[in-house]
Amino acid sequence: MSAGVERRLAQFRAAASPRPAEPPGEAAAAEAAEGQRAAAAGPGGRAQARPGGAAAPAPVWARPLLLKVLLWAVLLALFAELELGLPCFVLSLLYWMYVGTRGPAERRRGELSAYSVFNPGCAAIAGTLTAEQLERELHYRPAAGR
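Residues numbered from 1 in each chain as written. Predicted model: local features only at pLDDT ≥ 70, side-chain atom pairs only at ≥ 80, totals over all residues. Heavy atoms only, no water.

Asks: Any chance you could explain the overall build of the chain here in plain terms?
Replies: Broken down by element type, the chain carries 5 helices and 0 strands. Evaluated residue by residue, the chain yields a buried proportion of 5% over its 146 residues. A fraction of 10% describes how many contacts in the chain between residues 6 or more apart in sequence connect residues 24 or more apart. (Helix = DSSP H or I, 4+ residues; strand = E, 2+ residues; numbered from the N terminus. Buried < 20%, exposed > 50% of the residue type's maximum accessible area, 1.4 Å probe, protein only. Contact = heavy atoms within 4.5 Å.)

Asks: Just to check I follow, could you spell out the packing of aromatic side chains for this structure?
Replies: For the coordinates displayed, the defined rule picks out 3 aromatic pairs. Aromatic pair Trp72 and Trp96: ring centres 5.2 Å apart, planes at 50°, arrangement tilted. Here the residue Trp72 occupies a position in helix 3 (residues 64–81), and Trp96 occupies one in helix 4 (residues 85–100), the gap between them amounting to 24 residues. Since its relative accessible area comes to 41%, Trp96 is described here as partly exposed. With centroids separated by 6.3 Å and ring planes inclined at 90°, the aromatic side chains of Tyr115 and Phe118 adopt a geometry described as edge-to-face. Each of the two residues, Tyr115 as well as Phe118, counts as exposed. These aromatic residues form a ring-pair network of at least three members: Trp72, Phe89 and Trp96. (Phe/Tyr/Trp six-rings, centres within 6.5 Å; stacked < 30°, edge-to-face > 60°.)

Asks: Quick question: what am I supposed to make of the side chain of Ser92 here?
Replies: Structurally, Ser92 is set in helix 4. When its relative accessible area of 10% is taken as the criterion, Ser92 is described as buried. There is a polar contact of 2.8 Å between the side chain of Ser92 and the backbone oxygen of Cys88. (Polar contact = N/O pair within 3.5 Å; in protein donor to acceptor, adjacent residues only side chain to side chain.)

Asks: Is there a simple way to think about a nonpolar patch on the surface in this case?
Replies: A cluster of nonpolar side chains, contributed by Leu86, Phe89, Val90, Leu91, Leu93, Leu94, Tyr95, Trp96, Met97, Tyr98 and Val99, occupies part of the molecular surface with about 1200 Å² of accessible area. Considering the arrangement of structural elements, one finds Val99 in helix 4. (Patch = residues over 30% accessible without salt bridge, like charges linked within 9 Å, V, L, I, M, F, W, Y side chains within 5 Å. Areas by Shrake-Rupley, 256 points an atom, 1.4 Å probe, with all protein chains shown as cover. Salt bridge = Lys/Arg side-chain N within 4 Å of Asp/Glu carboxyl O.)

Asks: What exactly am I supposed to notice about helix 3 here?
Replies: Structural remark: α-helix, 3.6 residues per turn; residues separated by three or four positions point the same way. Between its first and last C-alpha atoms helix 3 spans 26 Å; for 18 residues at 1.5 Å apiece the expected length is 26 Å, and the two agree. Positive phi shows up at Glu83, right after helix 3, with a value of about 60°. (Expected span 1.5 Å × (residues − 1).)

Asks: Got a minute to help me understand the pattern of salt bridges in this structure?
Replies: Working definition: two side chains of opposite charge can pair if their charged atoms are close together. What the rule picks out here adds up to 1 salt bridge. We note a salt bridge from Glu111 to Arg108, for which the minimum N-O separation is 3.9 Å. Relative accessible area serves as the criterion here: at 58%, Arg108 is assigned to the exposed category.

Asks: Explain the confidence of the model for the chain to me, please; I cannot follow it from the model alone.
Replies: Detailed conclusions should not be drawn from predicted coordinates in areas where pLDDT is low. Here the chain shows a mean pLDDT of 76. Residues at 70 or above account for 68%. Taking the mean pLDDT of every element in the chain, the minimum, 54, falls on helix 2 (residues 24–39) and the maximum, 93, on helix 3. (pLDDT = per-residue confidence, 0-100.)

Asks: Just to check I follow, could you spell out the environment of Ile125 for this structure?
Replies: In this fold, Ile125 is placed in the loop between helix 4 and helix 5 (131–139). Taking the C-alpha atoms as reference, Ile125 lies 6.6 Å from Ala114; in sequence the two are 11 residues apart.

Asks: Help me understand unusual backbone geometry in this model?
Replies: Among all residues save glycine, negative phi is the norm, and among peptide bonds the norm is trans. A positive phi angle is found at Glu83, which is not glycine, with a value near 60°. Looking at the element boundaries, Glu83 is found in the loop between helix 3 and helix 4. Look at Cys122: it is not a glycine, yet its phi comes out positive at around 55°.

Asks: Is there a simple way to explain the packing of helix 3 against helix 4 in this structure?
Replies: Packed helices, taken two at a time, are described by the angle between their axes plus the distance between the axes. The contact between helix 3 and helix 4 brings their axes to 7 Å, and the two run at 145°. The segment helix 3 lies against helix 4, with Trp72, Leu76, Phe79 and Ala80 engaging Gly85, Cys88, Phe89, Ser92 and Trp96. Of the residues belonging to the contact of helix 3 with helix 4, the class tally is 7 nonpolar, 2 polar and no charged. (Axes fitted to C-alpha atoms, helices over the stretch in contact; angles between N-to-C directions. Nonpolar A, V, L, I, M, F, W, Y, C, P; charged D, E, K, R; others polar.)

Laid out in structure tokens, this is it:
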């Protein structure tokens, strides 16, 4: 937006919602806060605030996943320089597989395992191919009860 449009918008907002008279100390604090918002404005004087008062997302360099990936890449490069790149990569893959799996304690109540032997009463999940179904299909027999 241009500076003129922003100025008119500020005038409209000031006219639409009159503020009660503020003591001099609070007015100075409000002006200081307005100055800080102006200093935090983005390129071209535009504020980076989100609609609805939501905070702006964290900067790219402050995201934990990105920092972890960058650290891993640096360590991989260091180990590759020491001619240990392949073992480092393989151990990384094993670690990621371990971290990516859930333990039995993390299962929600009533959630069934994909492996029926771990379910109560060996209950199979929907869509599981059973030995009986495979045998029927291989011998071209009609389904039981039809």
